[in-house]
Amino acid sequence: YRLAEWLARCSERRDLIGILLANRNAVAEGLLDLLRPAIQQLDVHVHSVRESQVELREHIDNLATELCRINEHQKVALDLDPYVKKLLNARRRVVLVNNILQNAQERLRRLNHNVAKETARRKTMLEASGVFTSRSPSKP
């Protein structure tokens, strides 16, 4: 009698643990699904900013070159060196920001990859345990 009762309680506990794991994994998957679009959108914005930074750096380089050329061909001595130095300093900061953005984008890419991998792993694990079954959107 005690053994049967104990086995029944163990079975109930296993069922409860299975339900709790399924709920926990469903919440985790929901969070991952919630974060994925934000990560992808952030990645697109970072990519856009990086392109703008490259374009700005090219414009700064062109302007610095043009200022040096003008300075060389001027009959009146204009001291454009401080402006060229300011442009080169701005270019250096643009390059620095671009490197920071590039590193952030790479981390976002890896995070997005890990989120997708973890979601697939959890889904496979749940389907294998029989706790979770995929439902088509047309079925309730």
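Residues numbered from 1 in each chain as written. Predicted model: local features only at pLDDT ≥ 70, side-chain atom pairs only at ≥ 80, totals over all residues. Heavy atoms only, no water.

Let's talk about the overall build of the protein
Part 1: Helix and strand content of the protein: two helices and zero strands.
Part 2: Here the protein, with 140 residues, has 19% of them falling under the buried criterion.
Part 3: The long-range fraction of contacts in the protein, counting pairs at least 24 apart against all pairs at least 6 apart in sequence, stands at 78%.
Part 4: Total accessible area computed for the protein in this model is approximately 11000 Å², and 60% of it derives from carbon and sulfur atoms. (Helix = DSSP H or I, 4+ residues; strand = E, 2+ residues; numbered from the N terminus. Buried < 20%, exposed > 50% of the residue type's maximum accessible area, 1.4 Å probe, protein only. Contact = heavy atoms within 4.5 Å. Areas by Shrake-Rupley, 256 points an atom, 1.4 Å probe, with all protein chains shown as cover.)

Topic: the side chain of glutamine 105
Part 1: In this fold, glutamine 105 is placed in helix 2 (residues 81-129).
Part 2: With a relative accessible area of 10%, glutamine 105 lands in the buried category.
Part 3: A polar contact is formed between the side chain of glutamine 105 and the side chain of aspartate 43, at a distance of 3.3 Å.
Part 4: Excluding residues within four positions of it along the chain, glutamine 105 makes contact with Asp43, Val46, His47 and Arg50. (Polar contact = N/O pair within 3.5 Å; in protein donor to acceptor, adjacent residues only side chain to side chain.)

Quick look at the side chain of asparagine 98
Part 1: Along the chain, asparagine 98 falls in helix 2.
Part 2: For asparagine 98, the residues in contact, after removing those within four places along its chain, are Arg50, Gln53, Val54 and Arg57.

Structural notes on the environment of alanine 116
Part 1: Mapped onto the elements of the fold, alanine 116 is located in helix 2.
Part 2: With relative accessibility at 37%, the residue alanine 116 sits in the partly exposed group.
Part 3: Considered as a pair, alanine 116 and glutamate 29 are 87 residues apart in the sequence and their alpha carbons are 9.9 Å apart.

Quick look at the UniProt feature "coiled-coil region" (unreviewed entry) in the protein
Part 1: The feature "coiled-coil region" (unreviewed entry), as annotated in UniProt, sits at residues 87-121 in this numbering.
Part 2: Annotation note: span residues 87-121, helix share 100%, strand share 0%, distance between end C-alpha atoms 50 Å. (UniProt positions renumbered as here; feature names shortened; annotations may be inferred.)

Considerations on a nonpolar patch on the surface
Part 1: Taken together, Val27, Leu31 and Leu34 make up a surface patch of nonpolar side chains, about 310 Å² in accessible area.
Part 2: For leucine 34, a relative accessible area of 61% corresponds to the exposed category. (Patch = residues over 30% accessible without salt bridge, like charges linked within 9 Å, V, L, I, M, F, W, Y side chains within 5 Å. Salt bridge = Lys/Arg side-chain N within 4 Å of Asp/Glu carboxyl O.)

Quick word on the nonpolar core
When a protein is soluble and globular, its nonpolar side chains tend to lie buried together.
Part 1: Formed by Ile60, Ala64, Leu67, Leu80, Val84, Leu87 and Val94, the largest nonpolar core amounts to seven residues.
Part 2: Residues in contact with alanine 64, not counting those within four places in the same chain, are Val84, Leu87 and Leu88.
Part 3: Leu32, Ile39, Val46 and Leu101 belong to the second largest nonpolar core, which has six residues in total. (Core = buried A, V, L, I, M, F, W, Y, C linked by side-chain atoms within 4.5 Å.)

What about the pattern of salt bridges?
Part 1: The tally for this structure, following the rule as stated, stands at six salt bridges.
Part 2: Here arginine 109 ties to glutamate 106 by a salt bridge, and the two come within 2.6 Å at their closest N and O atoms. Separated by three residues within a single helix, arginine 109 and glutamate 106 lie in helix 2, roughly one turn from each other.
Part 3: Several salt bridges converge on common partners, so that one network encompasses Glu106, Arg109 and Arg110.

Brief notes about the environment of arginine 36
Part 1: If you trace the backbone, arginine 36 turns up in helix 1 (residues 2-73).
Part 2: Residues arginine 36 and asparagine 112, spaced 76 residues apart in sequence, show a C-alpha to C-alpha distance of 6.6 Å.
Part 3: Beyond its immediate stretch of four places on either side in the chain, arginine 36 contacts Asn112, Val115, Ala116 and Thr119.
Part 4: There is a polar contact of 3.0 Å between the side chain of arginine 36 and the side chain of aspartate 33.

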